[in-house]
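# Report on the structure
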Amino acid sequence: MTKPPARVPQRSNARSNRERILATARRELGLNPDITLEELARASGVVRRTLFGHFPGREALLEALAEEASDALRAALPADPAPPGASGAEPESAERSYARFVLSMWTVGDRYRLLLALARRDLGVERVTEILSPARSAATAILARGQRDGVFHTQLPAVVLSAGLEAMAIALLEEVNSGELEDDGTHAAVASLIAAGVPEKQARVVVDEVAPTGGAVADD
């Protein structure tokens, strides 16, 4: 009996093309939000027909990027620390929790930044807010806990402080992309803790404790 033609390589090529298009779109849209799909196809190394076979229009491409960003952000969120009294474990301090949060979000910072850049004109504020809501809620909860514990300042409500720290992190990402700053997230984490009210020396110690191996903060 004649075997049917193998289709796996075709599916593999299609998946590879789709991933390459999305990766290129993340990079190019971050540089030029007005780039056309034809220009994206050329930058991705595929013909126009291939790109439109995966994404029939700009809206479909942006929604795919939004879904990808949503999955990446959720996966990057650090696990919730043990609640007070759980199995006799000491709860993680708010300082450590927030440093861990910033370091985790830094790994998907380009997706975060792209979503904010496309929010108003393309995806819509409501859609972007929906995607970013888990990360923003986590940050606000940690900051509120730190304010109650007396380790973060109370000059601003936690939700407002969270929004300000998010804006600062995005600005630092922009500086990394422009080549003005080199950072694996540790400097951003220290700066965020300082902005939240933690003394600089303590902020450095905390980040050194929670940063991955090799991410120690150098003294300036």
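Preceding this section is the structure that the text describes.
Every value quoted in this text rests on a predicted model; they were computed, and no experiment measured them.

Rules behind the numbers
- Residues numbered from 1 in each chain as written.
- Predicted model: local features only at pLDDT ≥ 70, side-chain atom pairs only at ≥ 80, totals over all residues.
- Heavy atoms only, no water.
- Axes fitted to C-alpha atoms, helices over the stretch in contact; angles between N-to-C directions.
- Helix = DSSP H or I, 4+ residues; strand = E, 2+ residues; numbered from the N terminus.
- Parallel < 35°, antiparallel > 145°, perpendicular 65-115°, else oblique.
- Left-handed = near helix turned anticlockwise from the far one by under 90°.
- Contact = heavy atoms within 4.5 Å.
- 1 Å grid on protein atoms, 1.4 Å probe; cavity = no way out; pocket = protein on both sides within 12 Å on 5 of 7 lines; lining within 4 Å.
- Points joined across faces, edges and corners; volume = space filled by probe spheres on them.
- Nonpolar A, V, L, I, M, F, W, Y, C, P; charged D, E, K, R; others polar.
- Expected span 1.5 Å × (residues − 1).
- Buried < 20%, exposed > 50% of the residue type's maximum accessible area, 1.4 Å probe, protein only.
- Phe/Tyr/Trp six-rings, centres within 6.5 Å; stacked < 30°, edge-to-face > 60°.
- Lys NZ or Arg CZ within 6 Å of the ring centre and 35° of its normal.
- Patch = residues over 30% accessible without salt bridge, like charges linked within 9 Å, V, L, I, M, F, W, Y side chains within 5 Å.
- Areas by Shrake-Rupley, 256 points an atom, 1.4 Å probe, with all protein chains shown as cover.
- Salt bridge = Lys/Arg side-chain N within 4 Å of Asp/Glu carboxyl O.

Their axes nearest at 10 Å, the elements helix α8 (residues 158–178) and helix α9 (residues 186–196) cross at an angle of 150°. As far as their axial angle goes, α9 and α8 are roughly antiparallel. Between α8 and α9 the crossing geometry is right-handed. Taken together, the residues of α9 that come into contact with α8 (itself represented by Leu 161, Leu 165, Met 168 and Leu 172) are Ala 188, Ala 191, Ser 192, Ala 195 and Ala 196.

Per the counting criterion, the structure on display carries two cavities of 30 Å³ or more. Reported here for the largest cavity is a volume of approximately 230 Å³. In terms of lining residues, the largest cavity is bounded by 17 residues, among which Phe 101, Met 105, Tyr 112, Glu 166 and Ala 169 are the most central. Put simply, the parts of the chain that give the lining of the largest cavity at least two residues each are α5 (94–106), α6 (109–123), α7 (125–149) and α8. If you tally residues by element for the lining of the largest cavity, the top one is α8, at six residues. Residue classes in the lining of the largest cavity are distributed as 12 nonpolar, three polar and two charged. Estimates place the volume of the second largest cavity at around 50 Å³. Lining the second largest cavity are Arg 26, Leu 62, Leu 65, Ala 66, Ala 69, Arg 111, Leu 114, Leu 115, Leu 118 and Leu 123. Sorting the residues of the lining of the second largest cavity by element identifies α4 (58–76) and α6 as the ones contributing at least two each.

As a further point, take α8. With 21 residues, α8 extends 30 Å from end C-alpha to end C-alpha; this agrees with the ideal 30 Å at 1.5 Å per step. Within the sequence span of α8, burial applies to Ala 158, Leu 161, Ser 162, Leu 165, Glu 166, Ala 169, Ile 170 and Leu 173. Phi turns positive one or two residues past the end of α8, at Gly 179, with a value near 90°.

On to the environment of Ala 139, then. With respect to the helices and strands, the residue Ala 139 is situated in helix α7. Considered as a pair, Ala 139 and Leu 161 are 22 residues apart in the sequence and their alpha carbons are 9.5 Å apart. Residues within four places of Ala 139 in sequence aside, it is in contact with Tyr 98, Phe 101 and Ser 162.

As a further point, take the packing of aromatic side chains. Taken as a whole and assessed by the stated rule, the structure comprises two aromatic pairs. The interplanar angle of 25° and the centroid separation of 5.7 Å between the aromatic rings of Tyr 98 and Phe 101 together place this pair among those described as stacked. Of this pair, Tyr 98 and Phe 101 both sit in helix α5, three residues apart, which is roughly one turn of the helix. Here the two residues Tyr 98 and Phe 101 agree in accessibility, since each one is buried. According to the relative accessible area criterion, Tyr 98 is buried, its value standing at 4%. The residue whose ring lies beneath Arg 48 is Phe 52, and the NZ or CZ to ring-centre distance is 4.4 Å.

Okay, a nonpolar patch on the surface next. On the surface, a nonpolar cluster with roughly 240 Å² of combined accessible area is contributed by Leu 156, Val 159 and Val 160. Relative to the helices and strands, Val 160 is located in helix α8.

Another point: the layout of surface pockets. There is about 160 Å³ of room inside the second largest pocket. Every residue lining the second largest pocket is listed: Arg 26, Arg 27, Gly 30, Leu 31, Asp 110, Arg 113, Leu 114, Glu 174 and Asn 177. Listed by contribution, the elements that provide at least two residues to the lining of the second largest pocket are α1 (8–31), α6 and α8. When residues of the lining of the second largest pocket are assigned to their parent elements, the largest contribution, four residues, is made by α1. Split by residue class, the lining of the second largest pocket holds two nonpolar, two polar and five charged.

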